[in-house]
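Chains, contacts and geometry: an overview
Chain by chain, the residues run as shown.
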Amino acid sequence: AVSARLAAMPNVTCLQQATAWAYREHNLIMVTERAPDAPHVFQRTRRVRARQVILATGAIERPLVFVNNDRPGVMLASAARGYANRFAVRAGATAVIYTNNDSAWQSAFDLNAAGVSVSAVVDLRPEVSPQLCDRAKAEEIDTYLGFRLVGVRGHKRVTAVDIVAEDGRENIRLACDLVASSGGWNPAVHLFSQARGSLRYDPVLAAFLPDQGIEAARAVGSANGTFDLSGCLAEGAAAGCAAAESCGYRPVKVTAPTWAGSFTYDLKPDWGGPGSSTTAETEKADKKSFVDIQNDVTLADLTLAQREGFGAVEHAKRYTTAGMGVDQGKTGNVNVIGALARLQGVPLDQVGTTTFRPPYVPMEFGAVAGARPGPEFLTYRHTPMTQWHKDQGAEMYEAGARWRRPGYYPQDGEDWLQAACREAEAVRTGLGIYDGTPLGKFILRGPDALRLLELVYTNVWANLKINHGRYGLMLTDDGLILDDGVTFKLGEDNYLMSTSTAHADGVYRHLEEILQVHRPDWRVWITPVTEQWANATVCGPQARDFMASLGTDIDLAPEAFPFMTLREGQVAGLAARVCRVSFTGELSYEVNVPASQGRLLWDKMMAAGRPFGITPVGSETSHLLRVEKGFLSLGHEVDGTADPFDLGMGWIVSRKKPDFIGKRALEIRRAAAGPRRELVGLLPDDPETLLPEGAPITPGGRKEATEGFVSACVMSVVQKRVVALALLADGRARQGEKIFIRLQDRIAMATVTEPVFHDPTGARLRS
């Protein structure tokens with residue numbers, strides 16, 4: 001009823017099956033829903049910025065430490081109680097409850113009521129509440145006060161336990177198949193601690209509680225060390241009113257209900273330890289007494305850590321792995337701290353706690369990063385022509401950096417491969433057009449702009465003429481390829497740099513780091529202009545004739561407008577900047593206009609292109625065309641391990657330049673002995689079946705170390721068969737050799753060739 005009332009309130013958001021797993025600066029809370037309302041969303045992470053936060057995170061029961069407490073059939077008392085009450089599952093037939101506090105007695109009564117035969121409650125305390133003893137007697141449950149459990153019998157499951165009176169006068173064996181233990185409750189202070197709040201040790205509760213906070217947060221209930229229901233309700237009501245008042249509201253005073261069953265929480269701390277008569281027996285027992293069951297850390301491990309000089313709690317954590325893993329110390333941490341305090345002879349507050357870091361519970365990477373596709377997580381970026389693409393039935397792809405662009409335009413029931421081949425055929429024989437707007441674009445200005453280009457690119461730029469462009473490779477500090485692109489010189493100290501779509505933001509950060517950290521004295525100003533320009537690229541043998549028919553005052557003659565140059569003028573009545581570059585291997589013109597005029601330009605081009613059979617092409621076709629030409633693609637051939645020489649591009653690495661980023665690392669790598677994976681072409685023996693990208697190449701197709709992998713595979717419209725690119729160990733020396741590619745259900749064979757399947761001299765793109 002309460003949940004329904006809250007859900008009906010328009011100013012209240014109820015998140016069921018959700019976990020707050022991080023508390024960051026300025027009251028930023030990370031919350032992940034595991035079953036959101038939207039059926040197509042698996043998980044959703046919310047970033048909540050609150051003026052006031054109430055932490056009612058509860059408490060977590062901790063186990064007691066005794067010999068063989070890792071046996072199947074040993075569990076927390078609250079876990080056994082939860083199985084019975086929530087799921088109607090009996091965790092055992094005959095149970096022994098081992099405790100040092102009042103809460104486990106209620107677990108005994110609940111288990112007894114659920115049909116589990118509770119043979120005994122073993123309590124470390126010599127005296128407990130008479131009401132508990134009277135109820136246990138009424139339910140025919142034996143009680144052993146002032147007794148310690150010293151061992152669990154059984155191998156694959158519990159068969160009995162041995163208990164000993166603290167004064168040593170009695171030694172009793174109790175038959176059972178379930179041991180439910182409770183060593184007390186640890187307030188869940190993780191979020192409070194993440195928010196840089198300090199903790200204090202309470203010796204009465206034998207637990208760490210919230211102390212001084214920094215953020216506007218209040219811990220209430222058992223998270224604050226209050227373990228009776230009436231007290232929890234009262235604290236929650238008071239905190240809610242105080243938080244509302246702090247936000248400027250006038251809340252109605254709430255009187256919290258009371259519960260007659262509330263009890264006074266009483267506890268005798270126990271951290272395990274010597275329970276045997278000799279040192280040898282104690283060491284043997286400590287090796288089987290687990291303080292962190294998930295990570296298999298025992299009392300003996302902590303004793304060794306202390307002896308080796310790793311007694312500080314943060315050192316002991318790393319020496320033994322206690323408190324690591326999924327549990328993150330939720331059940332075992334206080335036992336670890338108590339054991340270290342006992343070994344060192346100091347109070348627990350002098351030992352302190354380990355650092356609580358997010359996430360509080362394990363989180364999927366997809367929920368954190370929002371990697372699953374769809375605009376629910378991060379808004380897509382659209383070009384001025386996006387709606388036109390959708391209206392033509394294009395299958396939209398994510399092109400990187402959240403850009404959406406067409407993958408292919410299916411017609412008459414075509415699948416993606418048929419559509420891509422049809423579009424590629426049009427580019428090779430007639431005229432194609434594609435939306436190149438998402439390509440990264442930056443203006444570099446300033447007297448040191450040329451110095452920046454010389455530093456980040458591997459080739460020489462000082463002799464570049466105005467309105468001319470040059471292809472360049474950027475390397476990382478370790479000599480591997482970061483990005484590639486064409487940069488044009490617009491004027492003195494003025495350059496237009498293009499980058500790949502997906503890596504545009506990364507290149508921008510790379511350049512800014514250089515200028516702000518490494519070369520702060522250089523006068524260079526970088527302006528991202530990707531969104532300021534719309535790009536429509538026409539490509540194919542008829543591209544020049546088409547541009548002339550479109551209407552332009554730019555001289556399109558090859559000698560007046562050669563490859564890798566730039567011209568500005570009127571195109572279809574619009575002011576445009578036209579670049580002659582090609583990613584398809586065909587004659588191409590990249591027409592750039594202000595983004596506000598992008599759709600108008602596109603419509604004019606499509607209308608003027610009808611007599612030429614103009615065909616819009618998508619990403620699948622661009623991929624096919626670039627593989628035929630052997631052009632590189634980041635994420636395929638540029639896989640984070642390849643350098644320019646591996647990809648047959650040693651020509652772009654200047655030997656005259658004194659320095660560029662990655663130069664020294666590249667020289668060291670090239671001087672190392674042993675074969676490198678090099679770019680090659682492949683002609684599969686089966687000319688009709690595509691090879692999966694990433695398929696490993698192994699000697700003879702055997703399951704052993706790979707020689708390389710297939711980086712790209714397409715159906716070539718030029719070769720009329722399947723062709724592929726691959727990175728192969730010592731590949732250039734293996735031309736003509738047969739290699740073996742491991743697939744899920746078979747071994748495929750292919751012949752190693754040059755990695756260019758169309759126009760190897762580049763005559764067509766320069767035409």
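Residues numbered from 1 in each chain as written. Predicted model: local features only at pLDDT ≥ 70, side-chain atom pairs only at ≥ 80, totals over all residues. Heavy atoms only, no water.

**Concerning the environment of Leu145**
Along the chain, Leu145 turns up in strand S9 (residues 142–145). With a relative accessible area of 26%, Leu145 lands in the partly exposed category. Taking C-alpha positions, Leu145 is 30 Å from Arg200, a pair spaced 55 residues apart along the chain. In contact with Leu145, other than residues within four places in its own chain, are Trp105, Asp123, Arg125, Pro126, Val128 and Cys133. (Helix = DSSP H or I, 4+ residues; strand = E, 2+ residues; numbered from the N terminus. Buried < 20%, exposed > 50% of the residue type's maximum accessible area, 1.4 Å probe, protein only. Contact = heavy atoms within 4.5 Å.)

**Overview of the nonpolar core**
Core analysis: the largest hydrophobic core is formed by 49 residues, its most contacted members being Leu647, Leu682, Val710, Ile739 and Ile741. The set of elements that each furnish at least two residues to this core consists of helix H14 (416–429), strand S24 (469–475), helix H19 (619–629), strand S33 (677–684), strand S35 (708–716), strand S36 (721–729), strand S37 (738–742) and strand S38 (747–753). The leading source of residues in this core is S36, at seven residues. Residues in contact with Ile741, not counting those within four places in the same chain, are Leu682, Leu691, Ala695, Pro696, Ile697, Val710, Arg746, Ile747, Ala748 and Ala750. (Core = buried A, V, L, I, M, F, W, Y, C linked by side-chain atoms within 4.5 Å.)

**Things to note about the sheet that holds strand S2 (residues 28–33)**
The strand order across the open sheet formed by three strands is S1-S2-S3, and the pairing between neighbours is antiparallel. In the strand order of this sheet, the two ends are held by strand S1 (18–24) and strand S3 (44–49), each with one partner. Strand-to-strand twist of the sheet, defined as the mean angle between neighbouring strand axes without regard to direction, takes the value 25 degrees. In this sheet, S2 lies alongside S1 in antiparallel orientation, the contact comprising six bridges. When the sheet's bridge partners are listed, Ala22 is paired in S2 with Met30. (Pairing = 2+ DSSP bridges. Axes fitted to C-alpha atoms, helices over the stretch in contact; angles between N-to-C directions.)

**So, helix H9 (residues 313–320)**
Where H9 is concerned, the buried positions are Val313, Ala316, Lys317 and Thr320. Buried residues of H9 fall within an arc of 105 degrees about the axis and therefore sit on the same side. Taken together, the buried residues of H9 touch strand S19 (297–298), helix H8 (299–307), helix H10 (333–344) and helix H11 (348–351). (Arc of directions from axis to C-beta.)

**Observations concerning the layout of surface pockets**
Approximately 1700 Å³ is the volume attributed to the second largest pocket. As for the second largest pocket, its lining consists of 27 residues, and the residues nearest its centre are Leu6, Val12, Thr13, Cys14 and Ile54. Broken down by secondary-structure element, the contributors of at least two residues to the lining of the second largest pocket are helix H1 (2–7), S1, S2 and strand S4 (53–55). It is H1 that contributes the most residues to the lining of the second largest pocket, five residues altogether. A class-by-class count of the residues in the lining of the second largest pocket yields 18 nonpolar, eight polar and one charged. (1 Å grid on protein atoms, 1.4 Å probe; cavity = no way out; pocket = protein on both sides within 12 Å on 5 of 7 lines; lining within 4 Å. Points joined across faces, edges and corners; volume = space filled by probe spheres on them. Nonpolar A, V, L, I, M, F, W, Y, C, P; charged D, E, K, R; others polar.)

**A short note on the pairing of strand S11 (residues 160–165)**
Counting buried positions along S11 yields six of six residues, so the element is predominantly enclosed. Here S11 shows a buried face lined by Ala160, Asp162 and Val164 and a second buried face lined by Val161, Ile163 and Ala165. The hairpin formed by strand S10 (residues 147–153) and S11 contains six residues between the paired strands, and Gly154 there has a positive phi angle of roughly 115 degrees. Where S11 and strand S12 (residues 171–175) come together, five bridges link them in antiparallel fashion. Looking at S12, one finds that Ile163 is bridged to Ile172. Taking the residues between adjacent antiparallel strands as the criterion, S11 and S12 are bridged by five residues, where Gly168 takes a positive phi near 80 degrees.

**Regarding the pattern of salt bridges**
Enumeration according to the criterion identifies 42 salt bridges in this entry. As a salt-bridge pair, Asp646 and Arg676 come within 2.5 Å of each other at their nearest N and O atoms. Of this pair, Asp646 sits in the loop between H19 and helix H20 (663–671) while Arg676 is found in the loop between H20 and S33, placing the two residues 30 residues apart along the sequence. In this structure Asp646 comes out as buried when scored by relative accessible area, which is 1%. The partly exposed category is assigned to Arg676, whose relative accessible area is 24%. (Salt bridge = Lys/Arg side-chain N within 4 Å of Asp/Glu carboxyl O.)

Don't take any of this as a statement about function, it's just geometry.
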